[in-house]
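Each chain, letter by letter, is given below.
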Amino acid sequence: MRPSVKTPLPGPKAQELLARGEKVLSPSYVRPYPFVPAKGHGVFLEDMDGNVFLDFMAGIAVNTTGYAHPKVLEAVRAQAERFAHVCFSDFTHEPTLSLAERLVAKVGGGYRVFFGNSGTEGIEAAIKLVRHHTGRPYLLAFTGAFHGRSLGALSLTASKSAYRKGFGPLLPGVVHVPFPNPFRPPLGASPKDVGDAVLAHLEHLFATILPPEEVAAFFLEPIQGEGGYVLPPEGFLPRLKALLERHGILLVADEVQTGAGRTGRFLALEHEGVEADVYVLAKGLASGYPLSALLFREELGSWRPGAHGTTFGGQAVAAAAAHATLDLLEGGLMENAKEVGGFLLLELKEMQRRFPFLGDVRGRGLMIGLDFGSPEEPRPDLRDKAQRLAFEKGLLTLAAGPSALRLAPPLVLSREEAAMGLEILEEVFRSL
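The text that follows walks through the structure, step by step, so that each part is easy to find. Just so you know, these numbers come straight off a predicted model, no measurement behind them.

1. Focus: the pattern of salt bridges
Next up, step 1: Under the defined criterion, the tally for this structure stands at 22 salt bridges.
Next up, step 2: Its salt-bridge partner being glutamate 339, residue arginine 415 comes within 3.9 Å of it at the nearest N-O pair. On the criterion of sequence distance, the pair formed by arginine 415 in helix 12 (residues 415-431) and glutamate 339 in helix 10 (residues 316-354) is long-range, its members being 76 residues apart.
Next up, step 3: On the basis of relative accessibility, which here comes to 40%, the residue arginine 415 falls in the partly exposed class.
Next up, step 4: On the basis of relative accessible area, glutamate 339 is assigned to the partly exposed category, the value being 44%.
Next up, step 5: When the shortest N-O distance is used, the salt bridge between aspartate 384 and arginine 383 registers 2.6 Å.
Next up, step 6: For aspartate 384, a relative accessible area of 38% gives the class partly exposed.
Next up, step 7: Residue classification places arginine 383 among the buried positions, given a relative accessible area of 6%.

2. Quick word on the sheet that holds strand 15 (residues 404-407)
Next up, step 1: On the basis of which strands lie adjacent, the open sheet formed by four strands has the order 11-12-15-14 and antiparallel pairing. Lying at the two open borders of the sheet, with one neighbouring strand each, are strand 11 (358-364) and strand 14 (398-400). The sheet shows a mean angle of 30° between the axes of neighbouring strands, direction not considered.
Next up, step 2: Contacting strand 11, strand 12 (367-372) and strand 15, helix 10 runs over the sheet at an angle of about 170° to strand 11.
Next up, step 3: In this fold helix 11 (residues 380-392) packs onto strand 12, strand 14 and strand 15, with an angle of close to 160° to the strand it touches most, strand 14.

3. Topic: the nonpolar core
Next up, step 1: Residues Leu103, Leu240, Leu370 and Phe429 are the most contacted members of the largest nonpolar core, which totals 97 residues.
Next up, step 2: If you tally residues by element for this core, the top one is helix 10, at 19 residues.
Next up, step 3: Look past the residues within four positions of leucine 240 in its chain and what remains in contact with it is Phe142, Leu199, Leu202, Phe218 and Leu220.
Next up, step 4: Ranked by size, the runner-up nonpolar core spans 26 residues in total, among them Ala217, Phe219, Val256 and Val278.

4. Quick look at helix 8 (residues 194-208)
Next up, step 1: Taking 1.5 Å per residue as the helical rise, helix 8 with its 15 residues ought to reach 21 Å, and the 21 Å between its terminal C-alpha atoms agrees with that figure.
Next up, step 2: Residues of helix 8 that are buried include every one of Val194, Gly195, Ala197, Val198, Leu199, Leu202, Leu205 and Phe206, and no others.
Next up, step 3: Where the residues of helix 8 are buried, they touch strand 5 (138-142), strand 6 (174-177), strand 7 (215-220) and helix 9 (236-246).

5. Notes on the pairing of strand 3 (residues 52-55)
Next up, step 1: In strand 3, alternate side chains face the same way, and those of Val52 and Leu54 on one face and Phe53 and Asp55 on the other are all buried.
Next up, step 2: Strand direction decides the pairing type here: strand 2 (residues 44-47) and strand 3, joined by three bridges, are antiparallel. Among the inter-strand pairings, leucine 45 is bridged to a residue of strand 3, identified as phenylalanine 53.
Next up, step 3: Taking the residues between adjacent antiparallel strands as the criterion, strand 2 and strand 3 are bridged by four residues, where glycine 50 takes a positive phi near 85°.
Next up, step 4: Judged from the two bridges that link them, strand 3 and strand 13 (residues 395-396) form a sheet pairing that is parallel. Its bridge partner being in strand 13, leucine 54 is matched across the sheet by leucine 395.

6. Thoughts on the environment of tyrosine 289
Next up, step 1: As for its placement among the helices and strands, tyrosine 289 is situated in the loop between strand 9 (278-281) and strand 10 (292-297).
Next up, step 2: For the pair tyrosine 289 and valine 76, spaced 213 residues apart in sequence, the C-alpha to C-alpha distance is 9.5 Å.
Next up, step 3: If near-sequence neighbours (up to four positions away) are discounted, tyrosine 289 is found in contact with Val72, Val76, Val317, Ala318 and Ala321.

7. Re helix 4 (residues 96-106)
Next up, step 1: Every buried residue of helix 4 is accounted for by Thr96, Ser98, Leu99, Ala100, Arg102, Leu103 and Val104.
Next up, step 2: In this structure, the buried side of helix 4 is in contact with strand 4 (111-116), strand 9, strand 10 and helix 10.
Next up, step 3: Where helix 4 terminates, the next one or two residues include glycine 108, which has phi positive at roughly 90°.

8. Comments concerning the environment of lysine 385
Next up, step 1: Within the fold, lysine 385 resides in helix 11.
Next up, step 2: Sequence separation of lysine 385 and phenylalanine 372 is 13 residues, and the distance between their C-alpha atoms is 11 Å.

9. A closer look at the sheet that holds strand 3
Next up, step 1: Pairing within the open sheet is mixed, and its four strands lie in the order 1-2-3-13. Either end of the sheet is taken by a strand with one partner, and the two such strands are strand 1 (37-41) and strand 13.
Next up, step 2: Bridging between strand 1 and strand 2 involves four bridges; their strand directions are antiparallel. Paired with lysine 39 across the bridge in strand 2 is glutamate 46.

The rules behind each value
Residues numbered from 1 in each chain as written. Predicted model: local features only at pLDDT ≥ 70, side-chain atom pairs only at ≥ 80, totals over all residues. Heavy atoms only, no water. Salt bridge = Lys/Arg side-chain N within 4 Å of Asp/Glu carboxyl O. Helix = DSSP H or I, 4+ residues; strand = E, 2+ residues; numbered from the N terminus. Buried < 20%, exposed > 50% of the residue type's maximum accessible area, 1.4 Å probe, protein only. Pairing = 2+ DSSP bridges. Axes fitted to C-alpha atoms, helices over the stretch in contact; angles between N-to-C directions. Contact = heavy atoms within 4.5 Å. Core = buried A, V, L, I, M, F, W, Y, C linked by side-chain atoms within 4.5 Å. Expected span 1.5 Å × (residues − 1).

So this is what it looks like as structure tokens:
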């Protein structure tokens, strides 16, 4: 199969459906381009008009195993025939219990699990957990971070002020620290010393306005997602963890987008040799079925029965999909993400030499960001044009951060399919 666009976009059937949506859907929905999916297979999606697209966005890094994977379909069908839902907050059942056991084993033991439906729900649960356990009121997060859009999670989110506009006052006690972005360093730092500058800034906050003994936790993405697919400098995260430990501050790793094998390891923090006190997983964990998992160290589980709950979290069909997803990750998809992602990154860096408007090419595994413009002058206009041109040529991508294009295909992507995407990107960049 190859990308094939046979009609003007959107086609007539897609136009009809989009027009219907204009009459009944919330205006808060975002539509980066007029794509209307009808069915998918592997890493390809077909729209309502029969146009075929190569998917390099995976429903925002959700569809780990692509579309209609037979093993996921088999697991979902088998569980749906048994039962779809009995509230796991009240009644223990398979396959959700064994999924908890499996996730705990993947982080080395010594953790407990609370299931929800989405990454945002996982973050909300984490906020309650760390405040309840520590009795401390303050929370830390990075600028550029995206942790969700419900009120507590939004208080941590700092990737776009537009997300927060009109919703204040938000959760009190949240303090943001500049993220050590090597491409666009904050605090007047250079790319080489940006990590030092951020840690010094944090120490300055502790000395002047923020008593560290009153900080419950630092929430962070090991690689910033919506903020632009930005990696911190090598060695920064272990140094940050050491600083937090000196003050008894918990580390909450938002692995919603980075986890479930996307970076070539099950958790992105594994690349840094860092262990978190709390992990939040979602997105790719169940290959498109709604599921999040909050993993926290056993000693943090001091909240009482009923202190937190959910009706649908840990739903049995979603848990079955997660088991199938983990089987496939352990059976080679993580290694594939590492290998094919490495191939893509290498080829894109070579492309960067030919197209100077690509200011930065960065990533890990199948989580790659292309940043348009220079450190001093982001070019969101070029990024947006590239996204639209790619769509018109049969490649689905998504924007992230001020000026980045993110590539997050399903982890079943083959080298040959990756090469198809590179061909389209080459055409796009030549058009720019």
